[in-house]
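# Per-entry structural report
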Amino acid sequence: MKHFLTTQGLDRQELEGLLAEAEEFVDVLGRPIPKVPALRGKTVATMFFEASTRTRLSFEKAAKALSADTMSFSPGTSALSKGESLKDTVQTIRAMGADLVVVRHKATGAPWRIASWVDVPVVNGGDGAHQHPTQALLDSLTLLQRFGTLDGVRIGIVGDVRHSRVARSDVFAFSTLGAEVTLVAPPTLLPVDSDGWPVQAAHDLDDVLPGLDAVYLLRVQAERGGASVFPSLPEYVRRFGMTRERFAALKPDAVVLHPGPMNRGVEIADSVADDPRSLVLDQVANGVAVRMAVLFRLLGGEGDE
Ligand code: NCD
């Protein structure tokens, strides 16, 4: 594995290998001193051209827990405002000694372009509405911890699938690991490119709800036009929101996930977000461990191990 850009095409063995490594890092993170020297001397650069709380901070925490140094690029205060190109920016950061670049960009495919410009591993931290592969790893790990396996686990991915890079990454990871995935959304929020995805699709959440083991709620991506394709927010909540009433209709041991940031009161009710069967904060915690696994896999082999 040279880069980590997409879950599409990853086989079960590769996914399970990364998840097993992540489990070991969960243990490391539970120690009194949650740090190992594995990547001492390496430098991880984060370049986030789009807003982020969880993904960026967890990559930085993951790098530090592996004893790597970090460099953090912020577009707002950079020479991008003087017109410097993406290519020159990335090559500048590489020239300063970055050994790996984590990138988030609103343009689909940007991480692949960057991978062609630098001779170091690139990790996709989210490109447009396309892919967010480490999110899929942390979601898979969270579900594995809960169910022991994803084989036969029925997962509904609900909401703005069309604009969701999380959904695009999750669909391939979950189904490769054996889960049965159903996309639940109004026709206007189902993807146009889903032919050939290993999923079923449904338009009525209440129909599918009782059969699900896990409900994965997506944020309505207002900034990508997600809110403009249904009549109103109250209408969205009425048909696709995880309200307290819908939560009560779930199987007793079914769980709820959300990648964050949550629109409380829209795709997820307050009381559901804070319920013990909401795994939102487990997802966040697992984000550090899976990113450690990815960084270690890409940088660990050649170091002073
Ligand atoms: C997501 C993202 O940015 O793709 N958040 C995250 O990384 N946890 C999902 C979103 O913005 O809705």
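Keep in mind it's a predicted model, so treat the numbers as computed, not measured.

### Describing the site of the ligand
Around the ligand, the surrounding shell consists of R54, T55, R104, H132, Q135, R165, V166, R219, Q221, P259, G260 and P261. For the ligand, an oxygen atom lies 2.6 Å from a polar atom in the side chain of R165. G260 has a polar backbone atom sitting 2.9 Å from a nitrogen atom of the ligand. Against a free-state accessible area of 310 Å², the protein chains account for coverage of 94% of the ligand. Here the ligand occupies the largest pocket. Contributing elements (two or more residues each) for the shell around the ligand: helix 2 (54-65) and helix 6 (165-176).

### Thoughts on the pattern of salt bridges
Applying the stated rule across the entire model yields 14 salt bridges. Across the pair D270 and R264 runs a salt bridge whose closest N-O atoms are separated by 2.7 Å. Overall, D270 belongs to the partly exposed group, its relative accessible area being 45%. Among the salt bridges present, the one from R264 reaches D274, with a minimum N-O distance of 3.0 Å. Pair noted here: R264 is in the loop between strand 9 (255-257) and helix 10 (270-273) and D274 is in the loop between helix 10 and helix 11 (280-299), with a separation of 10 residues, a long-range link. Taking the relative accessible area as the measure of exposure, R264 reaches 40% and is therefore partly exposed. Take D274: its relative accessible area is 54%, and that puts it in the exposed class.

### Structural notes on the sheet that holds strand 2 (residues 69-73)
As summarised here, the arrangement of the 4 strands in space is 2-1-3-4, forming an open sheet in which the pairing is parallel. Where the open sheet ends on each side, the last strands, each with one partner, are strand 2 and strand 4 (122-127). Direction aside, the axes of adjacent strands within the sheet are offset by 15 degrees on average. In the packing of helix 3 (residues 86-95) onto the sheet, the strands contacted are strand 1 (43-48), strand 2 and strand 3 (100-105), and the crossing angle to strand 1 comes to about 160 degrees.

### Side note on the pairing of strand 1
With respect to burial, strand 1 is a largely interior element, 6 of its 6 residues being buried. Burial of the side chains of strand 1 extends over both faces: T43, A45 and M47 are buried on one face and V44, T46 and F48 on the other. Where strand 1 and strand 2 come together, 5 bridges link them in parallel fashion. The residue of strand 2 that forms the bridge with T43 is D69. Taking the sense of rotation as the criterion, the β-α-β connection linking strand 1, helix 2 and strand 2 turns out right-handed. As defined by bridge partners, strand 1 adjoins strand 3 across 5 bridges and the pair is classed as parallel.

### Observations regarding the domain arrangement of the protein chain
As far as domains go, the protein chain holds domain 1 (12-131 + 284-299) and domain 2 (133-280). Distance between the C-alpha centres of domain 1 and domain 2: 26 Å. Across the domain 1/domain 2 interface, buried area totals approximately 2200 Å², and carbon plus sulfur atoms make up 58% of it. It is R12, L19 and Q131 in domain 1 that bury the most area against domain 2; as a group they hold 27% of the surface buried on that side. If you look at where domain 1 meets domain 2, you find 3 salt bridges. For R165, the salt bridge goes to E50, with nearest N and O atoms at 3.0 Å. Summed over the shared surface of domain 1 and domain 2, the result is 12 residue pairs in polar contact (both at pLDDT 80 or more). Every element with two or more residues in the side of domain 1 that touches domain 2 is listed here: helix 1 (12-29), helix 2, strand 3, strand 4 and helix 11. Examining the composition of the side of domain 1 that touches domain 2, we find that 8 residues originate from one element, helix 1, more than from any other. Its residues placed into classes, the side of domain 1 that touches domain 2 shows 11 nonpolar, 8 polar and 8 charged.

### Looking at the sheet that holds strand 6 (residues 180-184)
Ordered in space as 7-6-5-8-9, the 5 strands form an open sheet in which the pairing is parallel. Across the chains shown, the open sheet's two edge strands, defined by having one partner strand only, are strand 7 (200-202) and strand 9. Across the sheet, the mean angle from the axis of one strand to that of its neighbour is 25 degrees, orientation sign disregarded. The pairing of strand 5 (residues 154-158) with strand 8 (residues 214-217) spans 4 bridges and is parallel.

Conventions and cut-offs
- Residues numbered from 1 in each chain as written.
- Predicted model: local features only at pLDDT ≥ 70, side-chain atom pairs only at ≥ 80, totals over all residues.
- Heavy atoms only, no water.
- Near = heavy atom within 4 Å.
- Polar contact = N/O pair within 3.5 Å; in protein donor to acceptor, adjacent residues only side chain to side chain.
- Areas by Shrake-Rupley, 256 points an atom, 1.4 Å probe, with all protein chains shown as cover.
- 1 Å grid on protein atoms, 1.4 Å probe; cavity = no way out; pocket = protein on both sides within 12 Å on 5 of 7 lines; lining within 4 Å.
- Sits in = over half its atoms within 2 Å of the grid points.
- Helix = DSSP H or I, 4+ residues; strand = E, 2+ residues; numbered from the N terminus.
- Salt bridge = Lys/Arg side-chain N within 4 Å of Asp/Glu carboxyl O.
- Buried < 20%, exposed > 50% of the residue type's maximum accessible area, 1.4 Å probe, protein only.
- Pairing = 2+ DSSP bridges.
- Axes fitted to C-alpha atoms, helices over the stretch in contact; angles between N-to-C directions.
- Contact = heavy atoms within 4.5 Å.
- Right-handed = clockwise from strand over helix to strand, strands pointing away.
- Domains from an automatic or database assignment.
- Buried area = accessible area lost by both parts, 1.4 Å probe.
- Nonpolar A, V, L, I, M, F, W, Y, C, P; charged D, E, K, R; others polar.

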